[in-house]
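One letter stands for each residue in the lines below.
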Amino acid sequence: MDLEDAECRARFLIRDRDGKFPALFDTVLKDAGIEVVLSGVRMPRMNSIMERWVQTCRCSCWTAP
């Protein structure tokens, strides 16, 4: 699926500072109009906190009338 095919547009991508994301990755996202937001330095629990938040959002969306 291309980003242009989606019904709504992503504005931000929050990611960690791992080396598996090369600068080219950020460039492609910037060209698509998506701002990359890096997670905090030395915050290993941030990923688990964000995963819990996403799970809560998904659960509330599925149970909403």
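Refer to the preceding data block for the structure.
Residues numbered from 1 in each chain as written. Predicted model: local features only at pLDDT ≥ 70, side-chain atom pairs only at ≥ 80, totals over all residues. Heavy atoms only, no water.

> Before we move on, could you go through the overall build of the protein chain and cite the residues and values that matter?
Scanning the protein chain from terminus to terminus reveals 2 helices and 2 strands. If you list the helices and strands of the protein chain from N to C, you get β-α-β-α. Counting all 65 residues of the protein chain, 8% fall into the buried class. Within the protein chain, counting contacts between residues at least 6 apart in sequence, those at least 24 apart form 25% of the total. (Helix = DSSP H or I, 4+ residues; strand = E, 2+ residues; numbered from the N terminus. Buried < 20%, exposed > 50% of the residue type's maximum accessible area, 1.4 Å probe, protein only. Contact = heavy atoms within 4.5 Å.)

> For the pattern of salt bridges, give the residues involved together with the corresponding values.
In total, this model carries 1 salt bridge according to the counting rule given. One salt bridge in this structure joins Arg-15 and Asp-26, with 2.8 Å as the shortest N-O distance. Highlighted residues: Arg-15 in strand 1 (residues 12-15) and Asp-26 in helix 1 (residues 23-31), separated in sequence by 11 residues. The exposure class assigned to Arg-15 is buried, which follows from its relative accessible area of 10%. (Salt bridge = Lys/Arg side-chain N within 4 Å of Asp/Glu carboxyl O.)

> Explain a nonpolar patch on the surface to me, using residue names and the numbers behind them.
A cluster of nonpolar side chains, Phe-12, Ile-14, Val-37, Ile-49, Met-50, Trp-53 and Val-54, forms an exposed patch at the surface whose accessible area comes to about 640 Å². Among the secondary structure elements, those contributing two or more residues to the nonpolar patch are strand 1 and helix 2 (46-63). Counting residues per element, the nonpolar patch draws most heavily on helix 2, at 4 residues. Residue classification places Trp-53 among the exposed residues on the basis of a relative accessible area of 52%. (Patch = residues over 30% accessible without salt bridge, like charges linked within 9 Å, V, L, I, M, F, W, Y side chains within 5 Å. Areas by Shrake-Rupley, 256 points an atom, 1.4 Å probe, with all protein chains shown as cover.)

> Run through the side chain of Ser-39, naming residues and quoting values.
Here Ser-39 shows up in the loop between strand 2 (35-38) and helix 2. Overall, the relative accessible area of 11% leaves Ser-39 in the buried class. Apart from residues lying up to four places away in sequence, Ser-39 is in contact with Arg-15, Asp-16, Arg-17 and Met-46.

> Summarise the pairing of strand 2; cite the residues concerned and give the values.
On any regular strand, side chains alternate: one points to one face of the sheet, the next to the other face. In this structure, strand 1 lies alongside strand 2, joined through 4 bridges in parallel fashion. Of the residues in strand 2, the one forming a bridge with Leu-13 is Val-36. (Pairing = 2+ DSSP bridges.)

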